Amino acid sequence: MKAEVFDKKFDDNAVDIIDDLDLSTIKRPNQAQRRVNVDFPAWMIESLDQEANRIGVTRQSIIKVWLAERLEEIAANKAR
């Protein structure tokens with residue numbers, strides 16, 4: 001399919017273009033996973049679990065989100 005035809009299908013939004021994409025080779029940049037072991041005190045695990053349950057996510061998810069938020073905050077402060 002030529003790029004012009006693909007762009008028209010996308011722009012017209014009349015047909016779903018997902019079938020025209022090769023998703024087998026797709027990669028998200030900077031998303032390579034590496035395992036890290038961290039020891040937390042029991043009270044911290046309990047607090048993490050309570051907050052994770054409150055918002056309906058896993059403990060791992062809440063740790064990742066909070067770390068990402070903090071790192072973004074630090075990067076923004078450095079940029080000033």
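These figures come from a predicted structure and were not determined experimentally.

(A) Spotlight on the environment of Ile-62. Structurally, Ile-62 can be placed in helix α3 (residues 59-79). For the pair Ile-62 and Leu-23, spaced 39 residues apart in sequence, the C-alpha separation works out to 28 Å. Setting aside residues up to four positions removed in sequence, Ile-62 forms contacts with Leu-48, Glu-51, Ala-52, Ile-55 and Val-57.

(B) Representation of the confidence of the model for the chain. Residue-level pLDDT values for the chain average 91, and 100% of them are 70 or greater. Summarising per-element confidence for the chain, the mean pLDDT is lowest in helix α1 (residues 3-12) (85) and highest in helix α2 (residues 42-55) (97).

(C) A look at the pattern of salt bridges. Using the criterion set out here, one finds five salt bridges in the structure. Two residues, Lys-9 and Asp-20, come together in a salt bridge whose shortest N-O distance is 2.4 Å. Placement of the pair is Lys-9 in helix α1 and Asp-20 in the loop between α1 and α2, with a sequence separation of eleven residues. Judged by its relative accessible area of 23%, Lys-9 falls in the partly exposed class. By relative accessible area, which is 32% here, Asp-20 ends up partly exposed. When the shortest N-O distance is used, the salt bridge between Asp-49 and Arg-59 registers 2.7 Å. One end of the pair, Asp-49, is in helix α2; the other, Arg-59, is in helix α3, and ten residues separate them in sequence.

(D) Just the packing of α2 against α3, in detail. Running from amino to carboxyl end, α2 crosses α3 at an angle of 95°, the nearest separation of the two axes being 8 Å. Judged by the inter-axis angle, α2 sits roughly perpendicular to α3. Along the contact surface, α2 presents Ile-45, Leu-48, Asp-49, Glu-51, Ala-52 and Ile-55, while α3 presents Arg-59, Ile-62, Ile-63 and Trp-66. Residue classes in the contact of α2 with α3 are distributed as seven nonpolar, no polar and three charged.

(E) Expanded view of unusual backbone geometry. The phi angle at Asn-30 is positive, at roughly 60°, despite the residue not being glycine. Relative to the helices and strands, Asn-30 is located in the loop between α1 and α2.

(F) Main features of α2. A rise of 1.5 Å per residue sets the reference length of α2, with its 14 residues, at 20 Å; its end C-alpha atoms lie 20 Å apart and thus fit the reference within 8%. One or two positions beyond α2, positive phi appears at Gly-56, with a value near 80°.

Conventions used here
- Residues numbered from 1 in each chain as written.
- Predicted model: local features only at pLDDT ≥ 70, side-chain atom pairs only at ≥ 80, totals over all residues.
- Heavy atoms only, no water.
- Helix = DSSP H or I, 4+ residues; strand = E, 2+ residues; numbered from the N terminus.
- Contact = heavy atoms within 4.5 Å.
- pLDDT = per-residue confidence, 0-100.
- Salt bridge = Lys/Arg side-chain N within 4 Å of Asp/Glu carboxyl O.
- Buried < 20%, exposed > 50% of the residue type's maximum accessible area, 1.4 Å probe, protein only.
- Axes fitted to C-alpha atoms, helices over the stretch in contact; angles between N-to-C directions.
- Parallel < 35°, antiparallel > 145°, perpendicular 65-115°, else oblique.
- Nonpolar A, V, L, I, M, F, W, Y, C, P; charged D, E, K, R; others polar.
- Expected span 1.5 Å × (residues − 1).

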